[in-house]
Amino acid sequence: MNVKVIIGLGNPGKKYEDTRHNAGFMAIDKISDKWGIPVAQNKFRALVGEGRVEGEKVLLVKPQTYMNLSGESVAEVLKFYKLTPDELVVIFDDLDLPTGQLRLREKGSAGGHNGIKSMIQHLGTQEFKRIKVGIGRPEPGRSVSDYVLQSFPAAERPQIQEAVGHAADAAAMWTREPFIKVMNHFNSLQK
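Residues numbered from 1 in each chain as written. Predicted model: local features only at pLDDT ≥ 70, side-chain atom pairs only at ≥ 80, totals over all residues. Heavy atoms only, no water.

As annotated in an unreviewed UniProt entry, the chain carries the name Peptidyl-tRNA hydrolase and comes from Brevibacillus agri. Under the UniProt heading Subunit (unreviewed entry), the note attached to the chain is "Monomer." According to UniProt, the comment filed for the chain under the heading Subcellular location (unreviewed entry) is "Cytoplasm". (UniProt positions renumbered as here; feature names shortened; annotations may be inferred.)

**Here we look at the overall build of the chain**
The secondary structure content of the chain amounts to 6 helices and 7 strands. Secondary structure elements of the chain occur, N-terminal to C-terminal, as β-α-β-β-β-α-β-β-α-β-α-α-α. Taken against the 2.2 N^0.38 rule, which gives 16 Å for 191 residues, the C-alpha radius of gyration of the chain at 15 Å falls within 12% of a compact globule. Considering only C-alpha atoms, the chain reaches an extent of 50 × 30 × 30 Å along its principal axes. Buried residues in the chain amount to 53% of all 191 residues. When contacts within the chain are restricted to residue pairs at least 6 apart in sequence, long-range pairs at least 24 apart make up 68% of them. Summed over all atoms, the accessible surface of the chain reaches about 9000 Å², with 49% contributed by carbon and sulfur. Of the charged side chains in the chain, 26 are positive and 22 negative, and the gap between their average positions amounts to 2 Å. (Helix = DSSP H or I, 4+ residues; strand = E, 2+ residues; numbered from the N terminus. Rg over C-alpha atoms; globule rule 2.2 N^0.38 Å. Buried < 20%, exposed > 50% of the residue type's maximum accessible area, 1.4 Å probe, protein only. Contact = heavy atoms within 4.5 Å. Areas by Shrake-Rupley, 256 points an atom, 1.4 Å probe, with all protein chains shown as cover. Lys, Arg positive; Asp, Glu negative; His and termini not counted. Charge placed at Lys NZ, Arg CZ, Asp CG, Glu CD.)

**Topic: helix H2 (residues 70–81)**
Helix length check: H2 (12 residues) gives 17 Å between terminal C-alpha atoms against 16 Å at 1.5 Å per residue, within 8%. Those residues of H2 hidden inside the fold are in contact with strand S1 (3–8), strand S2 (41–43), strand S3 (46–53), strand S4 (56–63), strand S5 (88–94) and helix H3 (114–123). Looking one or two residues beyond H2, the residue adopting positive phi is Lys-82, at roughly 55°. (Expected span 1.5 Å × (residues − 1).)

**As for the pattern of salt bridges**
Close approach of charged atoms lets side chains of opposite charge pair. What the rule picks out here adds up to 13 salt bridges. The partner of Glu-177 in a salt bridge is Lys-181, with the nearest N and O atoms 3.3 Å apart. Lys-181 sits in the partly exposed class, given a relative accessible area of 45%. Beyond isolated ion pairs, a larger network of salt bridges with shared partners links Lys-43, Glu-50 and Lys-57. (Salt bridge = Lys/Arg side-chain N within 4 Å of Asp/Glu carboxyl O.)

Take a look at the structure:
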C-alpha cells in the first residue's frame, strides 16, 4: 500500500506555538483540520495522524524532538513503515524567503536550517521533497535564533496564514499528483 508522509517541522509546547520556527506545525494543523485527521497519536517521538485521502494512506507528522533533532523522529517513521525519503514531503520555515512566500524543491542542502540538517543526517540523503514557508530575515544585528522563536507580529499574520494555507494545499495536491507538477504550479504563483 502506498503511504504519503507529510511532515511539519517545529518545536513542541505552548511556548513555541505561534513562532516563526513553527510554520511547519501550522501547516500540519491546517491539513489536519481540512481532512479531519487528528494529529494526536504519540509515537516515533512525534504527534502523528493517520487517515485516507482519495484512496491514499496519509500520515501527518509533527516531530516532538525539538527542531534540531527532527531527523531522529522522521527516520523512525520511515523505518517503521518501511518507506524511503521519496515518500515524504517536509514543510518548514525559511529565513531566505520573504514572509509569506512559498518555494517548493525536490532536494537540496540544509541552507543553514537545523531541522533539515538533522533530517539529511538521519536519512542519509538530501533528496526529499520540501515546501518552504518564507518567514523573512531579522534586521541586521538581531539574533537569528531569537527571531525564529518569536511570534509573528500582527501585521504579518494574514500573510503567514495565507502561506500556511498554500503549503497545506500543495501537500494535498501531492497526494494525487507528481511533485514536479505541484512544484511547478505553486512556484509559478510566487512573485
